[in-house]
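Secondary and tertiary structure notes
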Amino acid sequence: MPGENKRIDYIDFMNIYACFSVICMHCSGSVFEYGMTENRLFLLCLFVQMIAHPAIPVFFMITGTTLLEYRKKYDTKTFFRKRVMRTVFPFVFWTFFYLLRPVWMDGAPFPNIRQFITALSNNEGTGIFWFFYVLFAVYLCMPVFSLIADKKNMKLVEYICILSFLAVAVYPVLTRFLLPVYSDIIPPFVTGYTGYVFLGWLILRKEFSKKFRVCVYAAGILGAVLFFFGTWYLSAQAGYTDDFFMQYTSLACYPMSAAVMLFGKQIDWSRIYSRIPAEVVSKTASAGLGIYVIHLFFITVAEKNIWLKTHPTYFTLIMPFVVYGVSLGSVLLLRKIPGVRRIVP
């Protein structure tokens, strides 16, 4: 495996990074309590968020990297069947799980039929499942997107990525800080996370010069600076956490995410594989979506610990490692139970 398929090498490690980073973000929620928490804790959480924030864009880039060329492996009917098995079934089960969690943990009333329905239709099971709705939208576009993702269309893909960056990252800065621009000028097909999906594929298929990579890394560093100090400044001005630069498609986060993914591709992972068996890396990476759906439960349990409540710094710095380890172990164990794998992706 090492050295034979560079895509597998860096995609696996990017998956692990993104999964762990999501847990880091969910353990540093004090970043959204500017003015209600100590400034040192706010800045610590903001720093953690800065390091971890490319996680969600990386997930969408991985989606583009692994699925835009699905037609080379199977037809569209098979593609949708596989997506349903891997994502829809777990989404439904864990949405209901989180909807019912307050019932058996906090003594809350049992939900009525309408609440079960809106839990699925309106993301009322748990807020972090917004990711699934965006992912489903991307999947629905894949039969069209896959026709574009071809080496002969490299310039077109580059155009889509540039246009998306201008639409979702530059345009909001322009309208907030410089002058209003009518929103209907934004091309609808490059809004949301479309650019990340194609950017992941572009990074996979195109070889970039050293000079270009250095420019991307420099832009990523500047993005990180803007993320940290821009959020700090805007929050100080507003008196509450202003998350403008914390948006996953912001002018700060976009170059950070591109730099992380490109850097991941360029690393020589064979050195790590010489110390860690490839099977261990592959198994850990494959548990990513399962960890995503289950980790919030363990965070919720940890939050009920009085000692952790009074030591939020330890919670921010230590709990991500604990939650990731427990979640990974739980996913690998649950997968061994017959029939359970369908709800533990």
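Residue indices begin from 1 for each chain and proceed along its sequence in written order. With pLDDT at 70 or above as the cut-off, local features in this predicted model cover only qualifying residues; side-chain atom pairs require 80 or more to be listed or tallied, and sums for whole chains, interfaces and linings still use all residues. Side-chain metrics in this entry use all non-hydrogen atoms of the structure; hydrogen atoms and water are not considered.

Concerning the overall build of the chain
In plain terms, the rule: Strands here mean DSSP runs of E at least two residues long; helices mean DSSP runs of H or I at least four residues long; both are numbered from the N terminus. The quantity called the radius of gyration is restricted to C-alpha atoms. Its globule counterpart is 2.2 Å times the number of residues to the power 0.38. Think of it in three bands: residues with accessible area under 20% of the maximum for their type are buried, residues over 50% are exposed, and the middle band is partly exposed, with areas taken using a 1.4 Å probe on protein chains only.
Secondary structure assignment for the chain yields 15 helices and zero strands. The globule rule puts the C-alpha radius of gyration for 345 residues at 20 Å, and the 21 Å found for the chain is close to it. Structurally, the chain occupies a C-alpha span of about 60 × 55 × 45 Å along its principal axes. Out of the 345 residues belonging to the chain, those deemed buried represent 50%.

Points about the pattern of salt bridges
Let me state the cut-off plainly: What counts as a salt bridge is simple: a side-chain nitrogen of Lys or Arg found within 4 Å of a carboxyl oxygen of Asp or Glu.
Per the stated rule, a full pass over the model turns up nine salt bridges. In this structure, E69 engages R205 in a salt bridge whose closest nitrogen and oxygen atoms are separated by 2.8 Å. Of this pair, E69 sits in the loop between α3 (55-67) and α4 (76-106) while R205 sits in helix α8 (residues 194-205), placing them 136 residues apart in sequence. E69 sits in the buried class, given a relative accessible area of 14%. The partner of D242 in a salt bridge is R176, with the nearest N and O atoms 2.7 Å apart.

Details of the nonpolar core
Here is the rule we go by: In this description, a nonpolar core means a group of buried Ala, Val, Leu, Ile, Met, Phe, Trp, Tyr and Cys residues linked to one another through side-chain atoms lying within 4.5 Å. The contact criterion used throughout is that any non-hydrogen atoms of two residues lie within 4.5 Å.
In terms of nonpolar packing, the biggest core is built from 93 residues, with I56, F129, M142, L199 and M261 touching the most fellow members. Looking at this core, the element that brings in the most residues is helix α1 (residues 6-26), giving eleven residues. Sequence-distant contacts of M142, defined by excluding residues within four places in its chain, comprise T63, L67, L68, Y70, F79 and V197.

Quick look at the packing of helix α2 (residues 39-52) against helix α9 (residues 210-238)
Packed helix pairs are characterised by how far apart their axes lie and by the angle those axes make with each other. Where we set the bar: Note on method: axes are straight lines fitted to C-alpha atoms, helices fitted across the in-contact stretch only, with angles between N-to-C directions ranging 0 to 180 degrees. Whether a crossing is left-handed or right-handed is set by the direction in which the near helix is turned from the far one by less than a right angle, anticlockwise for left-handed and clockwise for right-handed. Polar here means any residue other than Ala, Val, Leu, Ile, Met, Phe, Trp, Tyr, Cys and Pro, which are nonpolar, and Asp, Glu, Lys and Arg, which are charged; Gly is therefore polar.
Relative orientation of the contacting elements α2 and α9 amounts to 145°, with a least axis distance of 10 Å. The crossing of α2 and α9 is right-handed. Every residue of α9 that contacts α2 at N39, F42, L43, L46, F47, Q49 and M50 is listed here: A224, F227, F228, T231, W232 and S235. Here the contact of α2 with α9 is composed, by residue class, of nine nonpolar, four polar and no charged.

Some words on a positive patch on the surface
Note the threshold: Excluding any residue in a salt bridge, patches collect residues exceeding 30% relative accessible area, merging like charges within 9 Å and nonpolar Val, Leu, Ile, Met, Phe, Trp and Tyr side chains within 5 Å. The method behind every accessible area is Shrake-Rupley, applied with a 1.4 Å probe, and residues are considered shielded solely by the protein chains displayed. The charge count includes Lys and Arg as positive and Asp and Glu as negative, but it does not include His or the ends of the chains. Lys charges are placed at NZ, Arg charges at CZ, Asp charges at CG and Glu charges at CD.
Together, K73, K77, R81 and K82 make up a region of like positive charge exposed at the surface. Inspection of the secondary structure assignment puts K82 in helix α4. The exposure class assigned to K82 is partly exposed, which follows from its relative accessible area of 33%.

Brief notes about the packing of α4 against helix α6 (residues 130-148)
How we decide: For classification purposes, an angle smaller than 35 degrees is called roughly parallel, one larger than 145 roughly antiparallel, one from 65 to 115 roughly perpendicular, and anything else oblique.
Between α4 and α6, whose axes approach to 11 Å, the crossing angle comes to 175°. Viewed along their axes, α4 and α6 adopt a mutual orientation that is roughly antiparallel. In this structure, α4 contributes T76, F79, F80, R83, T87, V88 and F91 to the contact, and α6 contributes F132, Y133, L135, F136, Y139, L140, M142 and P143. Within the contact of α4 with α6, the residues separate by chemical class into twelve nonpolar, two polar and one charged.

Some thoughts on helix α13 (residues 288-303)
Note the following rule: Helix span is expected to be 1.5 Å times the residue number reduced by one. The angle separating two fitted axes, one through the seven residues that finish at a residue and one through the seven that start at it, defines the bend at that residue.
For α13, which comprises 16 residues, the first-to-last C-alpha distance of 22 Å matches the rise-based estimate of 22 Å (1.5 Å per residue) to within 8%. Of all the bends in α13, the largest measures some 40° and sits at I294. Of all the 16 residues making up α13, 13 are buried; the element is thus mostly covered by neighbouring parts of the structure.

Concerning the confidence of the model for the chain
Reading fine detail from the predicted coordinates is not recommended where pLDDT is low. Keep this limit in mind: The predictor's confidence in any single residue is recorded as pLDDT, a number from 0 to 100.
In the predicted model, the chain carries a mean pLDDT of 93, and 97% of its residues have values of at least 70. The model gives residues 1-7 a pLDDT under 50, and that stretch makes 13 contacts with residues more than four places away or in other chains.

Some details on the packing of aromatic side chains
Counted only if it meets this: Pairing of aromatic side chains here covers Phe, Tyr and the six-membered ring of Trp, requires ring centres within 6.5 Å, and sorts the geometry by plane angle: under 30 degrees stacked, over 60 edge-to-face, intermediate tilted. When the NZ atom of lysine or the CZ atom of arginine is within 6 Å of a ring's centre and also within 35 degrees of its normal, the charge is said to sit over that ring.
Using the criterion set out here, one finds 48 aromatic pairs in the structure. Judged by centre distance (5.6 Å) and plane angle (75°), the rings of F97 and F297 are edge-to-face. Here F97, found in helix α4, pairs with F297, found in helix α13; they are 200 residues apart in sequence, far enough to count as distant. Overall, the relative accessible area of 17% leaves F297 in the buried class. Here the guanidinium or amino end of R83 rests over the ring plane of Y139, the centre of that ring lying 5.6 Å away. The ring centre of F244 lies 4.9 Å from the NZ or CZ of R176, which sits over that ring.

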